[in-house]
Every structure is written in C-alpha cells, then in structure tokens.
Amino acid sequence: AASAGQNNAVLSCLKRGSKVGLFYAHSPMLTAAMELPAGKFLKSTALPQPLAAIQPEAGLLPGSRAFRQQSGAFLAVQNRGRLKTTAWWMDSAGRNTRWPAILEADNGFWFTHVFLNQDRENAFCTLLAQMERFLPGLSRAAAATALNRARFAYHNHGRTAGPAAAALEQAEKAYRQQLFGPSREAAESCLSLLRDADIPRTPPRQNEVRAVWSRSTSGLPGQDWFQTARTLAANGGNALFPNMINAWPEEQVLQKQLPACLAAARDNGLALHLWFSCLGVADLPPAKRKWFAENNLLQINDSGVAIPWLCPTRPYNRQLLASIAAKVAKAYPIAGLHLDLIRYPGSQSCFCPECRKAFEKYLGRSVHGFPGMVLPGNPYSSPWQEFRCRQITSLVQEIARAARTARPGILLSAAVYPDWQSARSSVGQDWVNWQKQLLLDFVCPMNYRATASLFAGDLARQKQQLGHLNALLPGIGVSSERLSKDELARQIQCCRNAGAMGFILFEYTPREACDLLPGLLQK
Ligand SMILES: [Zn+2]
C-alpha cells in the first residue's frame, strides 16, 4: 500500500508519459488514471483448485515463460476488452482459470497479486518481457549488464577456470548474435561457476543428516504428510523437523497430524525430530496467551509490560515444558526432540519479581535499584547476564532429562543463534557450554547467510569454539535468504568441507521441494 504522497508522485509520472507497473491493490486515483476495471478479492480456496502458476498468453511476450506462483488470494478481474491479458492464472491441475494474472494498459501493466518470487529465473523472464513492451531494448540491457559482471568476475578471478571460460565465450557469442536471453543465462552460469571454483569438493560423510524444518503441521500445501515425506525422501532428505508442539499443544495436532507425520516418516525412511517451541508463546491462540498472562507466567520487560514469552524462572513454566517433553517422548516413537525459542527474546527481560528474587539469591545479596542496576553499563550487568544464561541452561537440562527418562535414546537438539558470544549476552543462550557439558546431542545454529563465504565463516568460528562439528547440524537459510539452487549447493558443500554432521534447511516449502532439491542431494 502506498501513501498519498507516493500515489501523487506516481500520478504525476503517469501524466508526464511514464509507464507504471502495479501489483495487487492500489489507490482509486491510479485505477482511474490507468482506466483499470475493478477487481474483486478472491481467496484461492474459493476456486475449484488452488492457484499454482502464471502462464503468459502465447505470442504477446517474447522470451517469457510460465512460472510457479502459489498465491493464496488474488484480485479477480473481468477483462472486458480494452486491456490486453498478457498472462493467466493456472490452477494446480494445470488448467487455465481464465482469470487474468497480468493486464496491460496503454500506460503500464497490472499484476493481480503480490509477486511472490517462488520461481526466480522463469518469473524474471516474464516480467522482463512484460516491461520490454514499454521499454524496447530492456532485454539487451539486461544481457549487457550480466555479461559485464561475468567479464569482470572472470578476469578478477585470477585462476583460469575451464567451464567458466566456456560459459563466458558462449555469452559473448550469443550477445553478438543478438540472442539476449541465452546470452544473459550463459553469463549467469559463468558467474555461478566462478563462485563454485572457490569451494573445494568433499563427498558427503557416512550418515550425513540431510534435514528440513517444516513450519506447517500438515505437510506441504496441497499434499498430505505421506506425499510430503515421499517427495523429501526421493530428493535425498533423511530427516524431518516439523513444528508441532509448544507450551500448549493442540489436541488436533497430537491426535491426528503428529501420528500421520510419524507414519509417513517411518514409511519413507525419514527420522522425525519433533520441533518444540518452548518459551515463545506469540503464536498461541489469544485465549491461551491470556491464560498465561492472567497467571503471571509471562516475562516482564524494562517498561514493566508483560510480553508473549514464558518466564524461565517460574517453576510452573519449567515443569510445564518438561512435562510436555516427557509426555510426547513417551507417547510417540520420535527419533528426536528439537527445542526452539529456548532463550530470552532479547536483552530487555525478564524483570518480574520472581526473577529478581532468584537473581538476588544467586548473587547472595539484595539489589537496590532493580532493574536499572542490572542493565548494560551498570554494576550488576555482568552477573545478570550470567544469571540469565544459567536460567536457560538449567531449563535445557531439565527438559532433556525429562525426555530421555521417558524415551531412552531419544536425540535432543536445539535451534540456536549462530554467534555464541552474542547469543549469551543478548538472549541468554550459552550453547557452546551446553555442548561442552553434553546437555544435548546436537545443536542447529541458524547460519542464515546469503553467500557461501559468510556461511563458511560461521562454520569456521563454530568449529573453533566447539573443537569439532560432529554434533553440529548447521541451519541453512534457503527460504529466509532466498538462496538460488547454486548457492544452496555451495553452502551444503561448506558443511561437508567443515566436517559438520549434515545440514538442516530452513524451511521446507514448495520452492525447496519442487525447484531446489530435485537432483541436488546425493543419496
Ligand atoms: Zn521472570
């Protein structure tokens, strides 16, 4: 949504002859200026099949391609003649819904939903082709830009790289022949090969863990758990971490989704590690959050306000989390229990009376001027930091003990902040010491990085802190960083080079299942 000022700026551009690309809903002023018809908000679930892709109209957009976009909703527009429909919404059965996805006016185009960027290269080609209708020569400019980047990278690389040289030559040749799409793709491929050339190749270790986090409790959209698990196994995955429990697990999940997921994992040879959101309760239904608030179980921040995080000092909360761990470990044949949100939300909590009392006991004296005296730069800030780490560490210990008593041999793990030092000071997560005391079987630092060199830097630091990476399952931010398939392959290679036990991808969505994993992982 644009502000009034932004809309006015766009309007004045239109008046001066500029072209505009609109996405989804927009102001009535722009609608009038571009003479667009009204659109009706429609949920994908209202259609016979959900939306799956966008298909360009044949012959209108040279160089365009169908691309995947699984929108949950869109603006349904009846195109009665004056505008051109340049692309259509397709459903999951591959049928044209006859709803326009892109409409073209004289002074711009209208994309009837937010662009989701689920299928980068194909979508790029189509949006480029659409914009080229108004800006002739755009694909030549895109090719020239990619070619210049490839030339620069190639000549800066120092070492000669055979396949990269061939790709660059191909890009040059296609450009001379005015084949701008193929030239751009060859240039991109040259850049990718040059990035690969910097990373040595190590084969996967035996028993490499190839895992995914899944935030969905019911599998991939449009698939049940069996199909979801089968696709993952077929793509070389061997472990699944579904987010199914929290401080107040839902009966529906415990009775239906978890058993279905377990059976699917078993039938497809996947290890199931149950992802347990521990202290953070923001995602709980309001009534349950209210219950925790009314019972004074939430953390208090520096303004004295309760926040949606359980206070780790309250005995009730500690027993609650340990008893949930014991209950699920006893009732379900899970391979592992994976702790998440096992930390403070930041440095500004918890300042509840119970925490103050416990801190004074830890310190051996009373503290006047709480919480001011424990804040950074004040006399008690360093013991306060240590106290917070101890609260979390002992909670990890209690949960792990409860789970292991209920199911001997169960693997305990936790998702942790990648930088141990700042994890200690900012969120009380002292995970290197957890590992030194063997509290958990392994940890998953969320090393979400856009490039392999930054990712390898995280692993090098973690290896130095831990001594080895045999109990470290690095998290790769494939969704959060929108990694390309090439970049994902490089980060997996970094895990192998560093001797990590495997890797875990955040997170498993249709993009990972359909576009990135096929052909990527060695069985
Ligand atoms: Zn507290």
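Cut-offs used in this document
- Residues numbered from 1 in each chain as written.
- Predicted model: local features only at pLDDT ≥ 70, side-chain atom pairs only at ≥ 80, totals over all residues.
- Heavy atoms only, no water.
- Donors = N, O, S within 2.8 Å, 3.2 Å for Na, K, Ca; no water.
- Tetrahedral: all angles 85-135°; square planar, octahedral: opposite > 155°, others 65-115°.
- Buried < 20%, exposed > 50% of the residue type's maximum accessible area, 1.4 Å probe, protein only.
- Pairing = 2+ DSSP bridges.
- Helix = DSSP H or I, 4+ residues; strand = E, 2+ residues; numbered from the N terminus.
- Salt bridge = Lys/Arg side-chain N within 4 Å of Asp/Glu carboxyl O.
- Contact = heavy atoms within 4.5 Å.
- Right-handed = clockwise from strand over helix to strand, strands pointing away.
- Core = buried A, V, L, I, M, F, W, Y, C linked by side-chain atoms within 4.5 Å.
- Phe/Tyr/Trp six-rings, centres within 6.5 Å; stacked < 30°, edge-to-face > 60°.
- Lys NZ or Arg CZ within 6 Å of the ring centre and 35° of its normal.

Trainee: Sorry if this is basic, but what is going on with the coordination of the zinc ion here?
Mentor: Six octahedral donors around a metal ideally sit at 90 or 180 degrees from one another, while four tetrahedral donors ideally sit at 109.5 degrees. Here the zinc ion is held by the protein donor atoms Cys 311 (SG), Cys 350 (SG), Cys 352 (SG) and Cys 355 (SG), which lie 2.2 to 2.3 Å from it. Coordination at the zinc ion comes from four donor atoms whose angles at the metal span 98 to 117°, giving a geometry best classed as tetrahedral. Read N to C, the donor residues that coordinate the zinc ion are spaced as C-x38-C-x1-C-x2-C. For Cys 350, a relative accessible area of 1% gives the class buried.

Trainee: For this particular structure, what's the right way to read the sheet that holds strand β3 (residues 51-56)?
Mentor: Hydrogen bonding along the main chain pairs the strands of a sheet, whether they run parallel or antiparallel. A sheet is described by the order of its strands in space; here six strands give the open sequence β1-β8-β7-β6-β3-β4, paired in mixed fashion. Two strands close off the open sheet at either side, each with one partner strand: β1 (20-23) and β4 (67-68). Bridge count between β1 and strand β8 (residues 108-111): four bridges; the pairing is parallel. Bridged to Gly 21 within β8 is Phe 109.

Trainee: Mind showing me how you'd approach the pattern of salt bridges here?
Mentor: For side chains bearing opposite charge, pairing can occur when the charged atoms are close. Scanning all chains against the criterion turns up 26 salt bridges. Note that Arg 184 is salt-bridged to Glu 121, the shortest N-O span being 3.0 Å. Remark: Glu 121 occurs in helix α3 (residues 120-132) and Arg 184 occurs in helix α6 (residues 180-197); sequence separation between them is 63 residues. A residue is classified by how much of its surface remains accessible, and Glu 121, at 30% relative accessible area, is partly exposed.

Trainee: Is there a simple way to think about the environment of Met 29 in this case?
Mentor: Here Met 29 lies in helix α2 (residues 28-34). Separated by 25 residues in the primary sequence, Met 29 and Ala 4 place their C-alpha atoms 9.8 Å from one another. Not counting the four nearest positions on each side in its chain, Met 29 is found in contact with Asn 7, Asn 8 and Leu 11.

Trainee: Looking at this model, I keep getting lost on the pairing of strand β10 (residues 239-245). Mind explaining?
Mentor: The side chains of a regular strand alternate between the sheet's two faces. Counting buried positions along β10 yields seven of seven residues, so the element is predominantly enclosed. In the classification by handedness, the crossover that spans strand β9 (residues 209-214), the intervening helix α7 (residues 225-234) and the parallel β10 is right-handed. Two elements, β10 and strand β11 (residues 271-277), share four bridges in a ladder whose sense is parallel. Bridge assignment links Asn 243 to a residue of β11, and that residue is Trp 275. In this fold, the crossover linking β10 to β11 by way of helix α8 (residues 251-267) has right-handed handedness.

Trainee: Just checking my understanding: could you explain the nonpolar core for this structure?
Mentor: The nonpolar side chains of soluble globular proteins are, as a tendency, buried together. Of all hydrophobic cores here, the largest spans 93 residues; its most connected members are Leu 337, Ile 342, Trp 431 and Trp 434. Leaving out residues up to four positions away in the same chain, Trp 434 has contacts with Ile 342, Ile 392, Thr 393, Val 396, Ala 414, Val 416, Gln 429, Leu 439 and Leu 440. In this structure, Phe 67, Ala 87, Ala 101 and Phe 111 belong to the second largest nonpolar core, which totals 16 residues.

Trainee: It is not clear to me how the packing of aromatic side chains should be interpreted in this structure. Could you clarify?
Mentor: Any two aromatic rings considered together are summarised by their centre-to-centre distance and by the angle between their planes. The tally for this structure, following the rule as stated, stands at 24 aromatic pairs. Plain terms: the ring middles of Tyr 175 and Phe 180 are 5.3 Å apart, the flat faces sit at 65° to each other, and that makes the pair edge-to-face. You can call Phe 180 buried: its relative accessible area is 12%. An angle of 85° between the planes, with centres 6.5 Å apart, marks the rings of Trp 213 and Tyr 448 as edge-to-face. Linking Trp 213 in strand β9 with Tyr 448 in the loop between β16 (442-445) and α15 (452-466), this pair joins segments that are 235 residues apart in sequence. A connected cluster of aromatic rings, assembled from ring pairs, spans Phe 351, Phe 359, Tyr 362, Phe 370, Tyr 380, Trp 384 and Phe 387. The ring centre of Trp 88 lies 4.2 Å from the NZ or CZ of Arg 98, which sits over that ring.

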